[in-house]
Amino acid sequence: MRTITKVLGGPVAVILALILVPLEESKASTLSKEAVTLPTGDRVVPGRAGGLQVTPAPGRERTPYIVRRTGRRTHVLPADVAQPGHGGRFDPAPFDVSGLFGAEPAASDKRPAVAGTAALTVRAIDRLGRPAQDGEFFLTRTDAPGEDLYVAVRDGVTTVEVPMGSYVLTGSVQTGPAEITWLAQPRLVVTGTREIIVDARAGRPVSVTVPRPTARPLFLEVRSMAPLADGQLAEEAFYTLGTDGVTLLQLPPDGPTGGYASMVSVLLGEDAYVYALAWRLPGGFPTGFARTVTGRSLATVVATHGAQVAGSTAVKTLFPRPSAVSAVVGRSLSYALPFTRTEYYNTDSGGVDWQATVDEFDGLPHEDPYDGLLGTLSGVGTRTEAWNMAVHGPALGDPDLVEQWISRNGDTMVVAPRLFGDGAGHAGLSRLRAGRTVLSRNGSVVAESAEAGGNFTVPAAPGRYRLEVSATRAAPFTLSTTVTGVWTFDSGHVAGPDWWRPHLHSVSFAAPRDAAPLGADGTAPVGRTVALPFRVAAQDGPVGPGVTPVIEVSFDDGASWRQVAVSGQVATVRHPAGSGFVSLRARVADGGTVSEQTVIRAYRYGP
């Protein structure tokens, strides 16, 4: 997928701290550098899920950025660095951050001149009718492979030579610090000398009204999505921290727009509630956008968030995704833990999914987010969700990318299990004291690492593999202090570009229910017996019919174990007198694979 993500400081603003773009090539997921400082002083570091976090240099907080990813090349392009001498374009090689993802920066991103070019003039007018001094435009070739062209307009007009063909044009015209117009022309055909007039005065504002009058705009995203000739998707999106001062404009397309679509997403609310609203708009880009949302079109989620460490805070981020391959950028809000928030999602989104992450902090982050895809909400009603609740252990369900969580491509085994998912099965990582991975084939060790995962080269011939991954946490954590997953499966060479995932499982304990047996701090209620709900998940799809785990408990940190009764999706655990910790062990055999997991000090019990 080709992804072009444009992040603009815009009217109110700062660059968002979290910029997420899914990796196209997971072999590049092993980071080779910790940070890249651009010539402008802006700092780029790896973000969540293979994305980027951009921290502007002092005084550059309002600078627009374009994050462009094509294949394994990734560029972060501040909009104020257009260099003269390239016909309105510039050489992005100094802004290549591909090394963050294991790829060596290219010497130059310039390409030889292409025969059959024409002069394209972009004339931009700001909202006051003046020649625009701050115009940013992107031309992406849609009918054939080609160079993505960045055009900066600083004195009202710019002329560039472009290969003749079909394009999608996206861009913005900024009138002042608090006024910006974002625009798109879904289809632009260049067959000879051509002039485009972009008049920001034709743009119209964004207005979304919700049932609660106290809701304030928190985040606005408007996205352009254009299919390319090679089947990939070109995306460009505009983000600000509100709707004031923003107008939208579609330039008339040159004929049918094919599979082009756009999306408008707005986040509104206050501390106790949030409206997460999105609309996918097929066929075009909006000139202005207005919606009045009623309760009849909303689904309600009451989300409760627990704490692993007393006195910690959480950052929760919501991401709208108009397609399964979309890039994601979201708005983060901070809360003191534990907390409960009501979330409203519109059910007329046209196929937009929502993804959420939760980070827990006490000065340093304890863990990477718990990634959970809410899915398309199509029914009106209320449901509950629990985040960051015990038991924290392996979570392999609902992978978002084809290589998650344990997979193979060719003769490379990717090992990236999430060992600290929460009780609801949201995948999660943690800050570790130590980790270890041992990969064996037919009884012989073929690879090992002092990390909880990695990428390993394995023999092409089929074999029986045993993978053991363990992780140990230290203070301030008191629960799930050591987590181990052991998976046994058959594997051989995987031909072609496809990824293959073995049918491996995880078991999440204390899934959210009205009478969940564990509190937000991971303590069982008073009483000597507890019914412990669990959920079995597989990383490659549904769990086989009739699969029931064998579950064991330990009250001496794993020195001894005893099997417990299982009925349906509930294990019955009888605690000894007094207080202490319960460790859990589970084993799942399904379709020739065996999955085993151990969580030491999964939860505490007692008065």
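How each quantity is defined
Residues numbered from 1 in each chain as written. Predicted model: local features only at pLDDT ≥ 70, side-chain atom pairs only at ≥ 80, totals over all residues. Heavy atoms only, no water. Helix = DSSP H or I, 4+ residues; strand = E, 2+ residues; numbered from the N terminus. Buried < 20%, exposed > 50% of the residue type's maximum accessible area, 1.4 Å probe, protein only. Contact = heavy atoms within 4.5 Å. Areas by Shrake-Rupley, 256 points an atom, 1.4 Å probe, with all protein chains shown as cover. Pairing = 2+ DSSP bridges. Axes fitted to C-alpha atoms, helices over the stretch in contact; angles between N-to-C directions. Polar contact = N/O pair within 3.5 Å; in protein donor to acceptor, adjacent residues only side chain to side chain. Phe/Tyr/Trp six-rings, centres within 6.5 Å; stacked < 30°, edge-to-face > 60°. Lys NZ or Arg CZ within 6 Å of the ring centre and 35° of its normal. Salt bridge = Lys/Arg side-chain N within 4 Å of Asp/Glu carboxyl O.

Asker: Any chance you could break down the overall build of the protein for me, citing the residues and the numbers?
Answerer: Summing up its helical and strand segments, the protein has zero helices and 44 strands in all. Across the 607 residues of the protein, 57% fall into the buried class. For the protein, long-range pairs separated by at least 24 residues make up 69% of all intrachain contacts whose partners lie at least 6 apart in sequence. In the structure as shown, the protein presents an accessible area of about 23100 Å², 52% of it carried by carbon and sulfur atoms.

Asker: An account of the environment of V301 is needed here, citing residue identities and associated values.
Answerer: Take V301: it is sitting in strand β22 (residues 298-305). Those residues in contact with V301 that sit more than four places away from it in its chain are R341, T342, E343, Y345, R383 and E385.

Asker: Outline the sheet that holds strand β31 (residues 412-415), listing residues and values.
Answerer: Spatial ordering of the open sheet is given by β30-β31-β34, a layout of three strands whose pairing is antiparallel. In this open sheet, the two strands that pair with only one neighbour each are β30 (406-409) and β34 (454-457). If you compare each strand with its neighbour and ignore which way they point, the axes differ by 20 degrees on average. As paired elements, β31 and β34 share four bridges and run antiparallel to each other. When the sheet's bridge partners are listed, V415 is paired in β34 with G454.

Asker: So what about the side chain of S506? Which residues, and what values?
Answerer: Looking at where S506 falls in the secondary structure, it is placed in strand β37 (residues 505-509). Of the polar contacts made by the side chain of S506, one reaches the backbone nitrogen of L396; its length is 2.9 Å.

Asker: Tell me about the packing of aromatic side chains, and name the residues and values.
Answerer: Under the counting rule described, the total for this entry stands at 12 aromatic pairs. With centroids separated by 6.0 Å and ring planes inclined at 80 degrees, the aromatic side chains of F555 and Y605 adopt a geometry described as edge-to-face. With F555 in the loop between β39 (550-554) and β40 (562-563) and Y605 in strand β44 (residues 593-605), the pair connects residues that are 50 residues apart, well separated along the chain. Members of the aromatic cluster, connected to one another through ring pairs, are W182, F238 and F285. The residue whose ring lies beneath R212 is Y273, and the NZ or CZ to ring-centre distance is 4.1 Å. R601 extends its terminal NZ or CZ atom over the ring of F581, reaching a point 4.2 Å from the ring centre.

Asker: Would you mind going over the environment of R201 in detail, with residue names and values included?
Answerer: With respect to the secondary-structure elements, R201 resides in the loop between β14 (194-199) and β15 (204-209). When the C-alpha atoms of R201 and L128 are compared, they prove to be 7.3 Å apart, with 73 residues separating the residues in sequence. Aside from chain neighbours lying at most four places away, what touches R201 is I125, D126, R127 and G129.

Asker: Let's hear about the pattern of salt bridges: which residues, and what values?
Answerer: Throughout the structure, instances matching the rule amount to 19 salt bridges. With a shortest N-O distance of 2.9 Å, D126 and R130 are connected by a salt bridge. With relative accessibility at 40%, the residue R130 sits in the partly exposed group. Two residues, K316 and E343, come together in a salt bridge whose shortest N-O distance is 2.7 Å. Highlighted residues: K316 in strand β23 (residues 313-321) and E343 in strand β26 (residues 339-346), separated in sequence by 27 residues. The same class applies to K316 and to E343, which are both buried. Connected through salt bridges with shared partners, the residues D134, E136 and R154 form a single ionic network.

Asker: Could you give an account of the sheet that holds strand β35 (residues 463-472), naming the residues involved and the relevant values?
Answerer: An order of β33-β32-β35-β36-β44-β43-β39-β40 is seen for the eight strands of this open sheet, with the pairing classed as antiparallel. The strands lining the two open edges of the sheet, one partner per strand, are β33 (444-449) and β40. Relative to β44, strand β43 (residues 580-590) runs antiparallel, the two being bridged by 10 bridges. By the bridge assignment, V582 is partnered in β44 with Y603.

Asker: Requested: an account of the pairing of β23, with residues and values cited.
Answerer: Of all nine residues in β23, eight are buried, a share of seventy percent or more. Looking at chain direction, β23 and strand β27 (residues 353-361) are connected through nine bridges and run antiparallel. From the neighbouring strand, T313 faces β27, where its bridge partner is F361. Relative to strand β25 (residues 331-336), β23 runs antiparallel, the two sharing six bridges. Paired with T317 across the strands is S332, a residue of β25.

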